[in-house]
Amino acid sequence: NPTLITHLLSSQHDVGGPIKLISVKTLQAHVSKGLIISNLDKDQDTGVYQCTAFNTWGSILSRRASLQFAYLDNFKTQTVRSAVNVREGQGVVLLCGPPAHSGELAFAWIFNEYPYFVQQDSRRFISQETGSLYIAKVEPSDVGNYTCVVNNTVTREKVLSSPTPLVLRSDGVMGEYEPKIEVHFPDSVPAAKESVVKLECFALGNPVPEISWRRTSGVPFPSKVKMKNANAVLEIPNFQQEDAGAYECMAENRRGKNAVRGRISFHAKPHWLQTMTDTALSIEENLFWECKANGKPKPSYSWLKNGEPVAEGRVQIENGALSIAALNLSDSGMYQCVAENKHGIIYSSAQLMVLGKIASLPPLLSCLSVSLVKARSGSEVTLECKPQASPPAISLWKKGNEILQRTERITLLPNGTLKIANVTRRDAASYTCIAKNQFGTASTTGKLIITEPTRITMRPTNMEIIVGESIVLPCQIACDPALDVSFSWAFNGQLIDFQRDSDHFERVGGSISGDLMIRNIQLNHGGKYVCVIDTDVESLSTSAILVVKGPPGPPDKVSVEEITDSTAQLSWTPGRDNGSPITGYIIQARTPFTVGWQAVDTVPEVVNGNMLTATVVGLNAWVEYEFRVVARNIVGLGEPSPASAKTRTEDAIPDTAPTDVGGGGGTKSELVITWEPVPEELQNGEGFGYIIAFRPVGTVTWTRAVISNIGVARYVFRNDTIPPFSPFDVKVGAYNNRGEGPFSSIATVYSAEEVPSVAPKRVRARSVSAAQIEVIWEALPAIPERVLGYEVVYWEDDTKPDTVGKVRISGNYTLVNITGLKANTVYYLSVAAFNTAGPGPQSAPINTTTKKPPPDRAPLNIQWTMIGSTLTLHWDPVVAMETESKVTGYLVLLKRHRYNDINSILTNKTTVALSLSANDNYLIQIKAMSEGGEGVGSEPIHIHKLSEFTVLFPSSYRFLFDH
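For the chain, an unreviewed UniProt entry supplies the name Contactin 3b and the organism Lates calcarifer. We quote the UniProt Subcellular location (unreviewed entry) comment for the chain here in full: "Cell membrane". Per its UniProt entry, the chain bears the Sequence similarities (unreviewed entry) comment "Belongs to the immunoglobulin superfamily. Contactin family."

As structure tokens, then:
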């Protein structure tokens, strides 16, 4: 009968490309055939294909193969899309609208120009379902042109939409608002077994919402579940029955939260539970075949005979059952039971042979179940021999050349089956089944091998292990060398797929060892592990319980039972202990003023693992708190609980005084008082403000002032009777609607002083260089006002006040150098004394002229001679131009690399002799000197160690060698 070895596979191809659909069918000899379609045409070749295998006994069909063509059209319009106008802070959706296509698409967006692609984060999301771009909260940096990029993952084609301009409106900024979920998965999501399920969820909102996921049943996500794109995508690989259920996406910001829910249902393609087998029946007998398949949705059944649907009439079909009463010869053929749902179709094939009473057949023997049979010593062996003959054949068995007789251990059944109980090595032999009737004789032979029992020599033992560690569970055997052995492992009743779960599971060992290595053990790896040893003759197993200990799971239902201005009574429910008892809890709090979560003090100070309530102490009054609880055990700290609802402590009188009280300065008749403001989290209530108290030093009565503006940290008291630079006692306190709090410690603050009343005298100035002037004056004698220093004001032209410059020097100095000036320029200068009230009167202006600039040319034609360790340099003189300062000499700079120091040598000649060390490297440079300062330096001369005698000069240098 025909048997299909290879089935067709569904394909998706580019138009015009070649495709080969292969099937293999068994005839008298095995012949490979294939269907090849060249120069594919979408309209002509799209469709469903099936392969037929046939011989003289009948024909059967392969499963169906669908041939589809992937393509991607261009966007219809290439004009610029309408601008999208939004306010800053508002959310926006930019639609892609992909063109006509076939095949899976992938989407991206370009910002302004290629290759600047939009990067997805918590604020921006690109849906791979719709292609649209979602911006939760628009910022000014988002303004620009957006282009949708559509990729066909099959053809690799790519098309771009027209740009969509995003423009900010000018009518204000959008205020804060609660999340609005714009992207969400359907209410019902069918998912096929072992598929990858992706759920999308994204919300607009201000502030940017945070996305979180959970199963409504409370069951935590297994480790295979991944969150991507800032939690906007939930991915479940290798979807299984236990992953089905209701899922919830939550979007939350400080303005509120919203959620969407949907249910993922488990679907699976059909798989066989029961199939029919080849059957030979006599004419007039009745046939009953039944096939059963499982799948979701429940599969439907149909029947084929020789590749064609079975016609009902004499044939009764009910779901997966087929019955034919009073068979005739025409009923012979190849039958197929077909089970199908929307996820797949499966075929089961069998041959029906109807034997006539007149045209009898000689015996047709099916072979022994295998030509070589292995059996464990002491077991029972069954050798089947079922001849098909009409009239029925008589069967007998031979062991070697000896005809077998029935004994206590040997049983010969009427259908030709031989059973041997409690086999020993003496039963090992060749066995022949012989069938006879009046039309002929047939025989078949098989060999029986008896093996020794397999023993497990090393078993896994029950273990406790810490999460994150790795272990090896041993499973080793001693077995008969004639046996083929295979090892497999099951975890909690499910066979371990070492290829799929290679991140954690690996089979190690040789042919007689099936050790299981588990790497980076997680909590979900705790359970029962069974090692299964399969041989040709028996199956053995051994098991162990693995307890994985990890940090505790997160506590839950943290609530604030009672709250005062400084304490909060909390309660919670425990999480899982994950194999190790919970030894204690840590309470953490968060406020709008803290950076993240902070541990807080509690009563009792240590919260042990048996407690589910505690009092938090040391809280600030009138502050909004969130609390969470972290459990610990001997393994470590667990994940924190979800945060409690936000709760505000009661208000109270301020208990913190302002700090850094000081002041001073200001203008005449002013007392300026400053302080460091009290942080908002320490203000303890509404109606907060400051009380400023001050009095002249040595007096008793305080003058008070109240400031209700909490953002102010400065107070100025004006009164014409205040003496200049007079000391005051000053203190600052705080108050709110509940009353006055403490005052700061008393500080001494001086009232504003008067500016110095006298100008400095005997002011002189001289030009030092082309860019520097030195100014000298006579210190002021004792005057009633304080002098903190002097201020020199200079300007280029008496008629150009916009060129004023200023230099201040604190202390009792009477000389200052003004630098950064223009060359050959007249500068006017005056000097004034200053204090905190400002500068006093200025001295009468004087003037001086800066020097002409130094020559802007370096010394040229540098020549050198070397005698021993003495280097002699010669160069041409530098001649100053009319507008430059006259050259007064030359500066030779000698830098030693070893000590990184520079020696300066001044000379009024155009030659210099230098004594160099033989063990150092040097860099030499020459500059012209003038009244205007240093001129331009020559190109550097690099001299390596004299022992190497290597001197590096620029190409413009000339060399004179002294022999």
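Moving on to the overall build of the chain. A count of helices and strands for the chain gives one helix and 88 strands. Taking 30 Å as the expected radius of gyration for a compact globule of 963 residues, we find that the chain reaches 49 Å, considerably beyond that expectation. Dimensions of the chain, computed from C-alpha atoms along their principal axes, come out at roughly 155 × 100 × 70 Å. Counting across all 963 residues of the chain, residues that qualify as buried make up 42%. When contacts within the chain are restricted to residue pairs at least 6 apart in sequence, long-range pairs at least 24 apart make up 64% of them. Carbon together with sulfur atoms contributes 50% to the accessible area of the chain, which is approximately 50,400 Å² in total.

On inspection of all chains with the given rule, the structure shows five disulfides. Disulfide pairing places Cys-291 opposite Cys-337 at an S-S distance of 1.8 Å. Its S-S torsion of about 45° marks the bond between Cys-291 and Cys-337 as right-handed, since a negative value means left-handed. Note that Cys-291 is positioned in the loop between strand S27 (287-290) and strand S28 (292-296) and Cys-337 in strand S33 (residues 333-341), a separation of 46 residues in sequence. When sorted by exposure, Cys-291 lands in the same class as Cys-337, which is buried. In this model, Cys-475 is linked to Cys-531 through a disulfide, with the two sulfur atoms separated by 2.0 Å. Across the S-S bond linking Cys-475 and Cys-531, the dihedral sits near -80°, which makes this disulfide left-handed. Taken together, the residues Cys-475 in the loop between strand S47 (471-473) and strand S48 (476-478) and Cys-531 in strand S53 (residues 527-534) connect sequence positions 56 residues apart. Overall, the relative accessible area of 0% leaves Cys-475 in the buried class.

The UniProt record marks residues 73-161, 179-265, 270-353, 363-451 and 453-541 with the feature "domain: Ig-like" (unreviewed entry), using the residue numbering of this structure. Strand forms 59% of residues 179-265 and helix 0%; the C-alpha atoms that close the span are 28 Å apart. Secondary structure across residues 270-353 comprises 0% helix and 63% strand; the distance between its end C-alpha atoms is 28 Å.

So, on to the sheet that holds strand S68 (residues 714-718). With antiparallel pairing, three strands are arranged side by side in an open sheet as S64-S65-S68. Since the sheet does not close on itself, it has two edges, and those belong to strand S64 (659-663) and S68, each with one partner. When the angles between neighbouring strand axes are averaged without regard to direction, this sheet yields 15°. For strand S65 (residues 670-676) and S68, the ladder comprises five bridges, and the chain directions are antiparallel. Counted as the bridge partner of Ile-673 is Tyr-715 from S68.

For the rest of this paragraph, the subject is the nonpolar core. Grouped together as the largest cluster of nonpolar side chains are 22 residues, with contacts concentrated most on Leu-199, Trp-213, Ile-236, Phe-239 and Ile-264. Taken together, the elements giving at least two residues each to this core come down to strand S18 (188-192), strand S19 (197-200), strand S21 (210-215), strand S23 (233-236), strand S24 (245-253) and strand S25 (256-274). It is S25 that contributes the most residues to this core, four residues altogether. In contact with Trp-213, other than residues within four places in its own chain, are Phe-185, Leu-199, Glu-200, Cys-201, Phe-221, Met-227, Asn-231, Ala-232, Leu-234, Glu-248 and Cys-249.

Here the structure, examined in full by the defined rule, presents 40 salt bridges. With its nearest N and O atoms 2.8 Å apart, the salt bridge here joins Glu-248 to Arg-261. Pair noted here: Glu-248 is in strand S24 and Arg-261 is in strand S25, with a separation of 13 residues, a long-range link. Overall, Glu-248 belongs to the buried group, its relative accessible area being 6%. Of the charged contacts in the structure, one is a salt bridge between Arg-409 and Asp-427, with a shortest N-O distance of 3.0 Å. Within this pair, whereas Arg-409 is found in the loop between strand S40 (402-403) and strand S41 (410-412), its partner Asp-427 is found in the loop between strand S42 (418-420) and strand S43 (429-437), the two being separated by 18 residues in sequence. Taking the relative accessible area as the measure of exposure, Asp-427 reaches 6% and is therefore buried. A single network of salt bridges, built from pairs that share partners, joins Arg-87, Arg-169 and Asp-171.

With that settled, consider unusual backbone geometry. Going from Asn-206 to Pro-207, the amide bond is cis rather than trans, its omega being 5°. Counting through the fold element by element, Pro-207 comes out in the loop between strand S20 (202-206) and S21. A cis amide bond links Lys-296 to the next residue, Pro-297, at an omega of 0°.

Moving on: the environment of Arg-507. Relative to the helices and strands, Arg-507 resides in strand S51 (residues 505-508). Put simply, Arg-507 and Met-517 are ten residues apart on the chain and 6.2 Å apart in space, counted from C-alpha to C-alpha. In this structure Arg-507 touches Phe-487, Trp-489, Phe-498, Ser-513, Gly-514 and Asp-515, once residues within four positions along its chain are discounted. Looking at Arg-507, its side chain comes within polar contact range of the main-chain oxygen of Ser-513, at 3.1 Å.

Right, let's talk about the packing of aromatic side chains for a bit. Tallied over the full model, the rule gives 22 aromatic pairs. An aromatic cluster is defined as three or more aromatic residues linked by ring pairs; in this entry it consists of Phe-125, Tyr-134 and Phe-202. Against the face of Tyr-71 rests Lys-42, its NZ or CZ located 4.4 Å from the ring centre. A cation sits over an aromatic face here: Arg-648 above Trp-622, 4.9 Å from the ring centre.

Now for the confidence of the model for the chain. Of the residues in the chain, 92% have a pLDDT of 70 or more, and the chain-wide mean is 88. In the predicted structure, residues 950-963 sits below a pLDDT of 50 and forms 30 contacts with residues beyond four places in sequence or in another chain.

Let us look at the environment of Pro-658. Note on placement: Pro-658 falls in the loop between strand S63 (647-648) and S64. Each C-alpha atom of the pair Pro-658 and Pro-742 lies 8.9 Å from the other, and the pair is 84 residues apart in sequence. Excluding residues within four positions of it along the chain, Pro-658 makes contact with Trp-675, Glu-676, Val-678, Tyr-690, Val-732, Gly-733, Ala-734 and Ser-744.

This brings us to the UniProt feature "domain: Fibronectin type-III" (unreviewed entry) in the chain. Mapped onto this numbering, the UniProt entry annotates "domain: Fibronectin type-III" (unreviewed entry) at residues 554-652, 657-754, 759-853 and 858-949. Taken as a whole, residues 554-652 contains 0% helix and 42% strand, while its terminal C-alpha atoms sit 34 Å from one another. Segment residues 657-754 splits into 0% helix and 50% strand. End C-alpha atoms: 32 Å apart.

One open sheet accounts for three strands, arranged S72-S73-S76; its pairing is antiparallel. Edge positions in the sheet fall to strand S72 (761-767) and strand S76 (815-818), since each of these pairs with one other strand and no more. Averaged over all adjacent pairs, the angle separating strand axes in this sheet is 20°, with direction ignored.

Another point: the pairing of S24. Most of S24 is tucked away, with seven of its nine residues classed as buried. Where S24 lies against S25, nine bridges are found, and the strand directions are antiparallel. Residue Glu-252 lies in a different strand from S25, and its bridge partner there is Lys-257. Linking two consecutive strands that pair antiparallel, namely S24 and S25, is a turn of two residues.

This paragraph deals with the side chain of Ser-161. Among the secondary structure elements, Ser-161 is positioned in the loop between strand S15 (158-160) and strand S16 (164-168). Ser-161 sits in the buried class, given a relative accessible area of 5%. Looking at Ser-161, its side chain comes within polar contact range of the main-chain nitrogen of Cys-148, at 2.9 Å. Not counting residues within four places of it along the chain, the set of residues in contact with Ser-161 comprises Phe-75, Arg-81, Thr-147 and Cys-148.

What follows concerns the environment of Gln-241. Here Gln-241 is to be found in the loop between S23 and S24. Note: C-alpha distance between Gln-241 and Lys-193 (48 residues apart in sequence) is 7.4 Å.

What counts, and at which threshold
- Residue positions are counted from 1 within each chain, in the order its sequence is given.
- Whole-chain, interface and lining totals are the exception, using all residues; otherwise, since this is a predicted model, local features are given only for residues with pLDDT of at least 70 and side-chain atom pairs are given and counted only at 80 or more.
- Heavy atoms from the whole structure form the basis of all side-chain values; hydrogens and water molecules are not counted.
- UniProt positions are given in the numbering used here, feature names are shortened, and annotations may be inferred rather than shown by experiment.
- For helices the rule is a DSSP run of H or I covering at least 4 residues; for strands it is a run of E covering at least 2, with both sets numbered from the N terminus onward.
- Here the globule rule is a power law, 2.2 Å times the number of residues to the power 0.38, and the radius of gyration is based on C-alpha atoms.
- A simple rule labels every residue: compare its accessible area, found with a 1.4 Å probe on the protein chains alone, to the largest value its type can have, and call it buried under 20%, exposed over 50%, or partly exposed in between.
- Whether two residues touch is decided by their heavy atoms; if any such pair falls within 4.5 Å, the residues are in contact.
- Surface accessibility in these figures is a Shrake-Rupley result with a 1.4 Å probe; residues are shielded only by whichever protein chains are displayed.
- Pairs of cysteine sulfur atoms within 2.5 Å are what we label disulfides.
- The rule for pairing is simple: two strands pair if DSSP sees at least two bridges between them.
- Each axis is a line fitted through C-alpha atoms, taken for helices only over the stretch in contact, and angles between the N-to-C directions span 0 to 180 degrees.
- Residues enter a nonpolar core if they are buried and are Ala, Val, Leu, Ile, Met, Phe, Trp, Tyr or Cys, with the set joined through side-chain atoms within 4.5 Å.
- Only one rule defines a salt bridge in this text: a Lys or Arg side-chain nitrogen within 4 Å of an Asp or Glu carboxyl oxygen.
- Whenever a nitrogen or oxygen atom comes within 3.5 Å of another N or O atom, the pair is scored as a polar contact, on the condition that within protein one atom can donate a hydrogen and the other can accept it, and that pairs from neighbouring residues in sequence are kept only if both atoms are in side chains.
- Only rings of Phe, Tyr and Trp enter the pairing, Trp through its six-membered ring, and a pair is recorded when the two centres are within 6.5 Å. The plane angle decides the type: under 30 degrees is stacked, over 60 is edge-to-face, the rest tilted.
- Only lysine NZ and arginine CZ atoms are considered, and such an atom sits over a ring when it is within 6 Å of the ring centre and within 35 degrees of the ring normal.
- Per-residue confidence from the prediction method is given by pLDDT, with values spanning 0 to 100.

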